[in-house]
Amino acid sequence: MPAVANFDPNSKLDLPRNVADYPPNVWGDFFLQYASESMELDQNIAAEIDSLKNEVRNMLATNNEKPFDKVKFVDSICRLGVGYHFEHEIDQVLQLIHKTYVVNGEIILEDNLHSLAVLFRVLRQRGLYVSPDVFKKFKDEQGNFSERNITDVEGMLSLFEASHMMIHGEEILEEALAFTSAHLKSISTQLNPSLAAQVKHSLTQALRKNLPRLEARRYISIYEQNTSHNVILLRLAKLDFNMLQSLHQMEFGNICKWSKELGITKKLPFARDKIVECCFWSMSVYFEPQYSQARKMMSKVIAHLSFIDDTYDSYGIIDELELFTKAVERWDISCLDDLPNYMKILYKSLLNVYDEIEQETKKEGRIYTLNYFVKDFKKIVQAYMTEARWLDKNYVPAIDEYMSISKITSGYPVLSTTSYIGMGDIATEDIFNWVTTMPKIVNGAALVCRLNDEIVSNEFEQKRGHVCSFLECYMTQYDTNREAAIQECQKGVENAWKDMNEDCLTQTKVPLPLLTSVLNLARFIEVYYKDKDNYTHSEGLMKTHIKALLVDPVPY
Ligand SMILES: CC(C)=CCC/C(C)=C/COP(=O)(O)OP(=O)(O)O
């Protein structure tokens, strides 16, 4: 039975539709050259990587170093992007340091601002609590951060990065952030070019909010310029980066081949043609080799969410959208007959992706994960429908009502769940129960996504008639202007990061890689929705980054 009585699904195909003026595809068939069944690994390089890994592992295991040197070594390993080889060793080192030198949360070691700030950040990144009171000694009698710190650029930079680990109620880190931001900005013109570039980069993209692969690519050159760098670690970082790049190239190639064979972007010409950017989104969530299959699934899910988003946001007509929503609620191929032709293509393709994920999860004995996925997928489509009805009726909801729906349509709740499907046994059924109830970290990532997106996309979207945004709802509810609404958005993003940081310290039962994938979803937004929507308009920053991570190897 059709879901909407007396509605012929194909009767409105000639109607003028709301079509967005999306920019064309940026990459064409470029990545098809890398499509392959298996990756050819240079055996000499593979052997060298193994031997370098052993050497670094031995360095991590020696106990004759000062704790600060050890922590800085761990920090370099992580920033260079090779921490994933030494998870166990890094855990041991940091647990021991935390046990020995942190008493009731207080760091009992003495050193300069740089060392203490690195120690503070590295321990917190690992989910180990340390009190920010360690920075009190850098204040003057009036209780302000002392002006004497200003000339210590390394210390200021490290304090700036450390302050981004803040949770709610940490006044001293708020002050540290304001103090370091202001002074680093004003001093940056007086520094040598290399240090000035580092300062400028941190001020626009703090480490906590940056994507690990981007950081690795950048930090390899910075570390190399540091005269006291560890040559073994540097060589490992370079070879490993390039080896992973080859793996990612092959994955991108295979997904592009799948997309081309499917021909769906040609069949849905109203939708954004962004398969490479979808692969990049999933690679940003996890880059490690063991998540190759997970990335494949996730790229396909993101691609379909993008098509569906464009269907609800622009092309679809309200009656058709009701039909599609019903079909997703029923999740059954027999619904196909109820849909107009273009939606048949989309619906069938979505169920095919689901079948593929089913095959994979069956092999691993993790088929139960799909119930959680489908439940979340239904939720996002229902929320898209709510937004479409709002637009249809020109309805401007109250802020709370708006946020309860738009957090779901950010896509981040369903993507958090999707990201766990391919993460193996660490993502247990308890974890799925947790992640699908909007814990603080998922709620935070959804807020970061929604609020940043609203700040940068509003004008482009409103031009073509888009559901009202946070900005409109806020301005209407509080009878205020756009600037005040944007400020509220920015405040919301800051609070969301505090929530996420808090969950990273308190959710001790959730393994770090699972928290990290949600953090990485938020980081993707911090990088690509900063000045504009770089997903839709991907010819600038996103293209440059994809080239740096996927096309150009690191010279060695
Ligand atoms: C994270 C997800 C779901 C990825 C899929 C692609 C997508 C919908 C991107 C956001 O587009 P947008 O900026 O147009 O979003 P919205 O329509 O929600 O404003």
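Rules and cut-offs
- Residues numbered from 1 in each chain as written.
- Predicted model: local features only at pLDDT ≥ 70, side-chain atom pairs only at ≥ 80, totals over all residues.
- Heavy atoms only, no water.
- pLDDT = per-residue confidence, 0-100.
- Contact = heavy atoms within 4.5 Å.
- Domains from an automatic or database assignment.
- Buried area = accessible area lost by both parts, 1.4 Å probe.
- Salt bridge = Lys/Arg side-chain N within 4 Å of Asp/Glu carboxyl O.
- Nonpolar A, V, L, I, M, F, W, Y, C, P; charged D, E, K, R; others polar.
- Axes fitted to C-alpha atoms, helices over the stretch in contact; angles between N-to-C directions.
- Helix = DSSP H or I, 4+ residues; strand = E, 2+ residues; numbered from the N terminus.
- Parallel < 35°, antiparallel > 145°, perpendicular 65-115°, else oblique.
- Near = heavy atom within 4 Å.
- Polar contact = N/O pair within 3.5 Å; in protein donor to acceptor, adjacent residues only side chain to side chain.
- Buried < 20%, exposed > 50% of the residue type's maximum accessible area, 1.4 Å probe, protein only.
- UniProt positions renumbered as here; feature names shortened; annotations may be inferred.
- Core = buried A, V, L, I, M, F, W, Y, C linked by side-chain atoms within 4.5 Å.
- Expected span 1.5 Å × (residues − 1).
- Arc of directions from axis to C-beta.

The subject of this paragraph is the confidence of the model for the protein. Looking at the protein as a whole, its pLDDT mean stands at 94, while 96% of the residues score no less than 70. In the predicted structure, residues 1-6 sits below a pLDDT of 50 and forms nine contacts with residues beyond four places in sequence or in another chain. Both scores are available for the predicted complex, with the pTM at 0.95 and the ipTM at 0.96.

What follows deals with the domain arrangement of the protein. What the domain assignment lists for the protein is domain 1 (25-59 + 230-262), domain 2 (65-229) and domain 3 (263-551). With centres defined by C-alpha atoms, the gap from domain 1 to domain 3 works out at 27 Å. Taken together, the 20 residues of domain 1 in the interface contact 30 residues of domain 3. Taking both sides of the interface into account, the surface hidden between domain 1 and domain 3 amounts to around 2,300 Å²; carbon and sulfur atoms contribute 69%. Remark: the boundary between domain 1 and domain 3 carries one salt bridge. With a closest N to O distance of 2.7 Å, Glu251 and Arg295 form a salt bridge. Classifying every residue of the side of domain 1 that touches domain 3 gives twelve nonpolar, five polar and three charged.

Where helix H9 (residues 231-262) meets helix H23 (residues 541-551), the axes come as close as 8 Å, and the angle between the chain directions of the two elements is 110°. When the axes of H9 and H23 are compared, the pair comes out roughly perpendicular. Each of Phe241, Gln245, His248, Gln249 and Phe252 in H9 lies in contact with H23, whose residues at this interface are Ala548, Leu549, Leu550 and Val551. Partitioning the contact of H9 with H23 into residue classes produces six nonpolar, three polar and no charged.

Attention shifts here to the site of the ligand. In the vicinity of the ligand there are 19 residues, among which Arg272, Asp309, Asp313, Arg450 and Asp453 approach most closely. Between Asp309 and the ligand, the recorded distance is 3.0 Å, taken from a side-chain N or O atom to an oxygen atom. Arg450 is positioned with one of its side-chain polar atoms (N or O) 3.0 Å from an oxygen atom of the ligand. When residues of the shell around the ligand are traced back to their parent elements, those giving at least two are helix H12 (292-315), helix H17 (412-421) and helix H19 (440-463).

Attention now goes to the pattern of salt bridges. Counting across every chain of the model gives 31 salt bridges. Close ionic contact of Glu48 with Arg235 constitutes a salt bridge, the shortest N to O distance being 2.5 Å. Placement of the pair is Glu48 in helix H1 (residues 43-61) and Arg235 in helix H9, with a sequence separation of 187 residues. Looking at Glu48, the relative accessible area reads 26%, which means it is partly exposed. Take Arg235: its relative accessible area is 31%, and that puts it in the partly exposed class. Here Arg272 ties to Asp310 by a salt bridge, and the two come within 2.9 Å at their closest N and O atoms. In this pair, Arg272 sits in the loop between helix H10 (264-267) and helix H11 (275-285) while Asp310 sits in helix H12, placing the two residues 38 residues apart along the sequence. Among the residues examined, Arg272 registers a relative accessible area of 9% and is labelled buried.

Below, the discussion takes up unusual backbone geometry. With phi around 55°, Met438 is a residue other than glycine that occupies positive phi space. Relative to the assigned elements, Met438 resides in the loop between helix H18 (429-435) and H19. Given a relative accessible area of 27%, Met438 falls into the partly exposed group. A positive phi angle is found at Asp479, which is not glycine, with a value near 45°. In this fold, Asp479 is placed in the loop between helix H20 (470-478) and helix H21 (482-506). Judged by its relative accessible area of 71%, Asp479 is exposed.

A few words now on the UniProt feature "domain: Terpene synthase N-terminal" (unreviewed entry) in the protein. Following the UniProt record, the feature "domain: Terpene synthase N-terminal" (unreviewed entry) maps to residues 26-203 here. Measuring from the first to the last C-alpha atom of residues 26-203 gives 29 Å, for a span that is 56% helix and 2% strand.

Quick look at the nonpolar core now. One recurring pattern in soluble globular proteins: nonpolar side chains tend to sit buried together. Formed by 193 residues in total, the largest nonpolar core has its most connected members in Phe31, Phe135, Phe280, Phe377, Tyr412 and Tyr420. Among the elements that take part in this core, H9 stands out by supplying 14 residues, more than any other. Beyond its immediate chain neighbours, meaning those up to four positions away, Phe280 contacts Phe252, Phe524, Tyr528, Met542, His545, Ile546, Leu549 and Leu550.

Let us look at helix H3 (residues 87-101). Helix length check: H3, at 15 residues, gives a terminal C-alpha distance of 21 Å against a target of 21 Å (1.5 Å per residue), a fit within 8%. Listed as buried for H3 are Glu89, Ile90, Val93, Leu94, Ile97 and His98. Within H3, the buried residues cover an arc of 160° as seen down the axis, which keeps them to one side. The exposed residues of H3 that point more than 90 degrees off its buried face are His88 and Lys99. On its buried face, H3 is in contact with H1, helix H2 (67-79), strand S1 (102-103) and helix H4 (113-125).

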